[in-house]
Amino acid sequence: MTTPAPELFDVDACRLVETLAAQRPVVLRGHVGHWPAVAMARQSPEALCRYLLRFDKGAACDTVLMPPQEKGRLFYSPDMRGFNFVRGKRTVAAVLEQVARYSQFPAAPAVAMQSALLDECLPGFAQENRAPLVDRLGDPGIAPRLWLGNEVVTPAHFDESHNLACVVSGRRRFTLFPPAQVANLYLGPLDFAPTPTPISLVSFRAPDFERFPRFREALRHAIVAELEPGDALYIPSLWWHHVESIGVLNTMVNYWWTAPAAGGLTKAGVLAQAMETP
């Protein structure tokens, strides 16, 4: 019911910029395979941890923690008045220690540092690990961010910016939908969500088609991208994406940049479609 995302191999950064102008998701196989961090990840989780700790200067960044029964899925509390996780501040060293400790649990809590500015949490990392596409864009305002933890599921949501997601360790599975599928994704409260934009209420691992019948139609338009270490994924602005991190230690770096969305679409326009859906 889903379609694999198109893939590009060994495309130079100049041609990539032209390709991305079409504003369709595309997997860039091996785009950051040259990164020292990826080389360490391919050796072992321990080797990557040692590499990351070289840059850790003790800055604490936003981290989410979830009990084992949530199975890593960021979501609402049962009464929809809160969330099923807590936020705190952790250093990279603390998150890595928790990931290592939880890896021994038969049913592990989930822990994830999310959207942490690399220059704050791991100063110097970005200079050693550069994405050719981002360098080609030439925008000094594009600030790389770190996503680090164990197995976490982020429900389908969208970003207002264009996104390049680069996998360092573990695997990432992205399920993407065009903006127009908003009516078939069954959004939660528009002004109260665990992500900066509204999320889909559908559990992708076990969809309840009786409760969410239109989700079958959404799946007809879904694009799935499976990323390994060294791979990157371009996600156009306003495209819905459900993200699963898979493996003991998951590390990703992403870059957001601002540019008009295809067809002049805006966040307000997408959410207006959701409000018009019965």
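Just above sits the structure.
Notes on the structure in this doc start here. (Residues numbered from 1 in each chain as written. Predicted model: local features only at pLDDT ≥ 70, side-chain atom pairs only at ≥ 80, totals over all residues. Heavy atoms only, no water.)

A look at the pairing of strand S7 (residues 145-149)
Argument step 1. Taken across its five residues, S7 has four buried, putting it largely inside the fold.
Argument step 2. With four bridges connecting them, strand S6 (residues 110-117) and S7 associate as antiparallel partners. Looking at S7, one finds that Ala116 is bridged to Leu146.
Argument step 3. Summarising the sheet, S7 and strand S12 (residues 240-257) pair through five bridges and their orientation is antiparallel. Directly across from Trp147, in S12, lies its bridge partner Met252. (Buried < 20%, exposed > 50% of the residue type's maximum accessible area, 1.4 Å probe, protein only. Helix = DSSP H or I, 4+ residues; strand = E, 2+ residues; numbered from the N terminus. Pairing = 2+ DSSP bridges.)

Regarding helix H2 (residues 36-43)
Argument step 1. Among the residues making up H2, those that are buried are Ala37, Val38 and Ala41. All buried residues of H2 fall inside an arc of 95° around its axis, so they share one side. The outward face of H2, more than 90 degrees from its buried face, is lined by the exposed residues Arg42 and Gln43.
Argument step 2. Where the residues of H2 are buried, they touch helix H3 (45-53), helix H6 (125-128) and strand S9 (162-177). (Arc of directions from axis to C-beta. Contact = heavy atoms within 4.5 Å.)

Things to note about the packing of aromatic side chains
Argument step 1. By the definition in use, this model includes 18 aromatic pairs.
Argument step 2. Relative to Phe192, the ring of Phe83 lies with its centre 4.6 Å away and its plane at 20°, an arrangement referred to as stacked. Remark: Phe192 occurs in the loop between S9 and helix H8 (215-220) and Phe83 occurs in the loop between strand S4 (61-66) and strand S5 (86-90); sequence separation between them is 109 residues.
Argument step 3. A residue is classified by how much of its surface remains accessible, and Phe83, at 27% relative accessible area, is partly exposed.
Argument step 4. Under the relative-accessibility criterion, Phe192 is labelled partly exposed at 27%.
Argument step 5. Every member of this aromatic cluster is reached through a ring pair, and the members are Phe75, Tyr76, Phe83, Phe85 and Phe192.
Argument step 6. Over the aromatic face of Phe209 sits the side chain of Arg216, whose NZ or CZ is 3.9 Å from the ring centroid. (Phe/Tyr/Trp six-rings, centres within 6.5 Å; stacked < 30°, edge-to-face > 60°. Lys NZ or Arg CZ within 6 Å of the ring centre and 35° of its normal.)

A closer look at the pattern of salt bridges
Argument step 1. Evaluated as defined, the whole model comprises 12 salt bridges.
Argument step 2. With a shortest N-O distance of 3.2 Å, Arg54 and Glu128 are connected by a salt bridge. Of this pair, Arg54 sits in the loop between H3 and S4 while Glu128 sits in helix H6, placing them 74 residues apart in sequence.
Argument step 3. Residue class for Arg54 comes out exposed when judged on its relative accessible area of 51%.
Argument step 4. Across the salt bridge formed by Arg205 and Glu244, the nearest N and O atoms sit 3.6 Å from each other. A residue pair is termed long-range when its members are at least 10 positions apart, and Arg205 in the loop between S9 and H8 and Glu244 in strand S12 qualify at 39 residues. (Salt bridge = Lys/Arg side-chain N within 4 Å of Asp/Glu carboxyl O.)

In short, shape yes, function no, at least from these values alone.
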